[in-house]
Amino acid sequence: MIKISQKLKDELWWLVISVDYDYSRISIADHELSGDTLTLWLEDKQDFKNSLDECLQLDISLKQFAKMIKADNLNSYEGTKMHPKGNYVYKTRIEINEPLKWYREDASDIEQQWAREAALKNVLTQLVESEVYDEK
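Note on numbering: residues in each chain are counted from 1, in written sequence order. Totals for whole chains, interfaces and linings use all residues, but because this is a predicted model, local features are given only for residues with pLDDT of at least 70 and pairs of side-chain atoms are given and counted only at 80 or more. Where side-chain values are given, they derive from all heavy atoms of the structure, hydrogens and water being excluded.

K.L.:
Explain the nonpolar core to me, and be specific about the residues and the numbers.
P.N.:
Among buried residues, those of type Ala, Val, Leu, Ile, Met, Phe, Trp, Tyr and Cys that are joined through side-chain atoms within 4.5 Å constitute a nonpolar core. Three exposure classes are used, based on accessible area relative to the maximum for each residue type with a 1.4 Å probe and protein chains only: buried under 20%, partly exposed in between, and exposed over 50%. Of all hydrophobic cores here, the largest spans 30 residues; its most connected members are L12, I26, L42, L58, I60, F65 and V123. Counting from the N terminus, the helices are the DSSP runs of H or I reaching at least four residues and the strands are the DSSP runs of E reaching at least two. Of all elements in the fold, only α1 (6-18), β2 (37-44), β3 (56-61), α2 (62-71), α3 (99-106) and α4 (109-135) reach the threshold of two or more residues within this core. Top contributing element to this core by residue count: α4, with six residues. If we ignore the near neighbours within four places in the chain, the residues touching L42 are L12, L15, I26, S27, I28, C55, L56, L58 and L120. In this analysis, two residues are considered to be in contact whenever any of their non-hydrogen atoms come within 4.5 Å of each other.

Here you go:
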């Protein structure tokens, strides 16, 4: 769960309302991975912006992004391993690499895109769920 400021919550809600609650219309116009932050610029697919200044900027700490990658099992696959001492094979999740290292070095362009879209989905899900809990 990432910390979202009230200002960003308001801006995200404005974006959600402007797309008529059709989350599939929210797209990532651009992204940047620098320092300790993943920055996503968001826009409505039906109302493309002329510059990134007009898009909603969403900053996610790399620590949180790594947790999202790991939680969504993007940096691992289901496979079989041989037990080192026993003489049997078992199914397990096999980690390709640490989440951020996987994203930077191992993931294909489409896998990186999936990771960014999964991060956006996680943020939007958290936004909606936190509002539902706040109303109770």
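K.L.:
Account for the packing of α2 against α3, with residues named and values stated.
P.N.:
At a minimum axis distance of 8 Å, the contact between α2 and α3 shows a crossing angle of 85 degrees. Taken together, α2 and α3 sit at an angle that is classed as roughly perpendicular. Between α2, through L62, F65, A66, I69 and K70, and α3, the contact on the second element is made entirely by P99, L100, W102, Y103 and R104. The class makeup of the residues in the contact of α2 with α3 is eight nonpolar, no polar and two charged. Fitting a line to C-alpha atoms yields each axis, with helices limited to the stretch in contact; the angle taken between N-to-C directions then spans 0 to 180 degrees. Angles below 35 degrees are treated as roughly parallel, those above 145 as roughly antiparallel, those between 65 and 115 as roughly perpendicular, and all remaining angles as oblique. Residue classes follow a fixed rule: Ala, Val, Leu, Ile, Met, Phe, Trp, Tyr, Cys and Pro count as nonpolar, while Asp, Glu, Lys and Arg count as charged, and any other residue, Gly among them, counts as polar.

K.L.:
I'd like to hear about the pattern of salt bridges, residue by residue, with values.
P.N.:
Salt bridges are defined by distance alone: a side-chain nitrogen of Lys or Arg within 4 Å of a carboxyl oxygen of Asp or Glu. In total, this model carries three salt bridges according to the counting rule given. Of the charged contacts, one joins R25 and D44 as a salt bridge, the two residues approaching to 2.5 Å between their closest N and O atoms. Taken as a pair, R25 in the loop between α1 and β1 (26-34) and D44 in strand β2 lie far apart in primary sequence, 19 residues in all. Summarising the burial analysis for this pair, R25 and D44 share the class buried. In this structure, K70 engages E95 in a salt bridge whose closest nitrogen and oxygen atoms are separated by 3.1 Å. Within this pair, whereas K70 is found in helix α2, its partner E95 is found in strand β5 (residues 89-95), the two being separated by 25 residues in sequence. What makes E95 partly exposed here is its relative accessible area of 39%. Taken together, the shared-partner salt bridges connect D20, R25 and D44 into one network.

K.L.:
Which residues make up the pairing of strand β4 (residues 76-82), and what are the values?
P.N.:
Pairs of strands are assigned from DSSP output, requiring at least two bridges between the strands. As judged from the seven bridges shared by β4 and β5, these two strands associate in the antiparallel manner. Paired with E78 across the strands is R93, a residue of β5.

K.L.:
Kindly report on the sheet that holds β1, identifying the contributing residues and their values.
P.N.:
On the basis of which strands lie adjacent, the open sheet formed by three strands has the order β1-β2-β3 and antiparallel pairing. Looking along the sheet, the strands with just one partner apiece sit at the ends: β1 and β3. Neighbouring strand axes in the sheet, compared pairwise and without regard to direction, differ in orientation by 25 degrees on average. Note that β1 and β2 share eight bridges and pair antiparallel. Across the sheet, I28 pairs through a bridge with L42, a residue of β2.

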